[in-house]
Structure formats: structure tokens, C-alpha cells
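Secondary and tertiary structure notes
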Amino acid sequence: MFEMDHPWWEFVVRGAAVYLILLLMVRVSGRRTVGQFTPFDLLVVMLLSEAVSNSLTGGDQSLFGGFIVAAVLVGLNMTMSFLSSHSKKMSDILDGSAVLLGRDGELYDKVMKRCRISREEVDQALRCSDCDMKDMRCAFLEADGQITIQKK
């Protein structure tokens, strides 16, 4: 229970590698994955955590190994938050930035397809903003996956 099967530094390397690879995978998967979980998205996140659990510890079942990995993950998360809050470039890389989906009552189909946004999702955002399409000045897909509408 207290005896580790691997040296402490291996847990640090494993934790950092898994964190950075999953961060990259989540960023590549798009804005909507992070912002709004569908049942499918939730299932993927749960399965991802299970898929990488052994990668984090290398089969080690000790308490200390788990604590080392947890500390590495929390430390990396704090570091990424610090970098994001102190650098605009890092914030754009880690958190993303808003994408213009449409302007002056016209939606940009190519942009919506690239961002995997359906017309129904934009229509829903318009309804939530109590705005007709003709009264829309701008529609944005925010970094957190929400769609915001600016009225004329």
C-alpha cells in the first residue's frame, strides 16, 4: 500500500505527459466539446479518464504514487491557469478566442461547418437573445462553447 513500484520521477513524467496530450486532444476537438456536454461528450470524457488511468500510474497501486500524480495534475493545471492569465498569447492557445459566425443578419456557413455549429444552435441563441435574424449585428462562438448574439 505504501511501497511504490516505480521511482517518484516516473509519476511526474507520466502525469505531465498524459496531461499535456489530453489538453492537446481537448483543444483540437473544438470549442463545443468543452462548453456544452451532450451525453456522448460526457461518455467520451468518462472513457478518456478510464483509458489513461493506467498510463498515469503504470500499474502502481500505492497511495504515494497516486498522490504524486494528483499533485502533478493540480500543479500543471495551476501553471496553465497562471500562464493563461498573464499572457494573451497563452490565453488564446490554451483557452481559445471567439469566432465570428455571422454579421448583419447573415451567417457564415463555412465558419459554422468548421466549428461544427448547426443552424438550429444559432437559432436557439437568437431566441435566447430575443433577436430576429434581421436584427442580428454579430453572432460569436465564444471560447467556452456558448453562442452570443449582438443586436443592431
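What counts and how
- Residues numbered from 1 in each chain as written.
- Predicted model: local features only at pLDDT ≥ 70, side-chain atom pairs only at ≥ 80, totals over all residues.
- Heavy atoms only, no water.
- UniProt positions renumbered as here; feature names shortened; annotations may be inferred.
- Helix = DSSP H or I, 4+ residues; strand = E, 2+ residues; numbered from the N terminus.
- Buried < 20%, exposed > 50% of the residue type's maximum accessible area, 1.4 Å probe, protein only.
- Expected span 1.5 Å × (residues − 1).
- Polar contact = N/O pair within 3.5 Å; in protein donor to acceptor, adjacent residues only side chain to side chain.
- Arc of directions from axis to C-beta.
- Pairing = 2+ DSSP bridges.

Where an unreviewed UniProt entry is consulted, the protein chain appears under the name DUF421 domain-containing protein, with the organism given as Massilia aquatica. The UniProt entry for the protein chain carries the following text under Subcellular location (unreviewed entry): "Cell membrane".

On to the overall build of the protein chain, then. For the protein chain, the count of helices and strands is seven helices and four strands. Start at the N end of the protein chain and walk to the C end: the helices and strands fall as α-α-α-α-α-β-β-α-α-β-β. In terms of principal-axis extent, the alpha carbons of the protein chain reach across some 65 × 35 × 25 Å. Among the 152 residues that make up the protein chain, the fraction classed as buried is 28%.

Here the focus is the UniProt feature "domain: YetF C-terminal" (unreviewed entry) in the protein chain. As annotated by UniProt and renumbered to match this structure, "domain: YetF C-terminal" (unreviewed entry) occupies residues 86-152. Annotated as 37% helix and 27% strand, the span residues 86-152 places its first and last C-alpha atoms 33 Å apart.

Here we take up helix α4 (residues 63-86). Under the 1.5 Å per step criterion, the end-to-end length of α4 is 35 Å for 24 residues, consistent within 8% with the ideal 34 Å. All buried positions along α4 are accounted for by Gly65, Val69, Val72, Leu76, Met80 and Ser84. In this structure Ser62 caps α4, since a side-chain oxygen of it lies 3.1 Å from the backbone nitrogen of Gly65.

Along an α-helix, residues three or four apart share an orientation, since each turn contains 3.6 residues. The terminal C-alpha atoms of helix α1 (residues 8-29), which comprises 22 residues, lie 32 Å apart, in line with the 32 Å expected from a rise of 1.5 Å per residue. Within α1, the full set of buried residues consists of Glu10, Phe11, Gly15, Val18 and Tyr19. Along the axis of α1, the buried positions cluster into a sector of 155°, meaning they face one direction only. Seen from the open side of α1, the exposed residues pointing more than 90 degrees away from its buried face are Val13, Ile21, Leu24 and Val28.

Within the element layout of this structure, Ile117 appears in the loop between α6 (109-114) and α7 (119-128). Spatially, the C-alpha atoms of Ile117 and Gly145 are 9.8 Å apart, while their sequence positions differ by 28 residues.

Quick look at the sheet that holds strand β2 (residues 106-107) now. Within the open sheet, the four strands sit side by side as β2-β1-β3-β4. Their pairing is antiparallel. The sheet terminates laterally at β2 and β4 (147-151), the two strands that pair on one side only. In this sheet, β2 lies alongside strand β1 (residues 99-103) in antiparallel orientation, the contact comprising two bridges. Bridge pairing in β2 links Arg103 to Glu106.

What follows deals with the UniProt feature "transmembrane region" (unreviewed entry) in the protein chain. The positions that UniProt labels "transmembrane region" (unreviewed entry) are, in the present scheme, residues 6-26 and 63-83. Counted over residues 6-26, helix gives 90% and strand 0%. Its end C-alpha atoms are 29 Å apart. Within residues 63-83, the helical portion is 100% and the strand portion 0%, while the C-alpha atoms at the span's ends are 30 Å from each other.

It is worth spelling out the environment of Ile147 at this point. By secondary structure assignment, the location of Ile147 is in strand β4. For the pair Ile147 and Ile117, spaced 30 residues apart in sequence, the C-alpha separation works out to 9.4 Å.

So, on to unusual backbone geometry. The residue Asp104 is not glycine, and still its phi comes out positive at about 50°. Here Asp104 shows up in the loop between β1 and β2. The residue Asp130 is not glycine, and still its phi comes out positive at about 50°.

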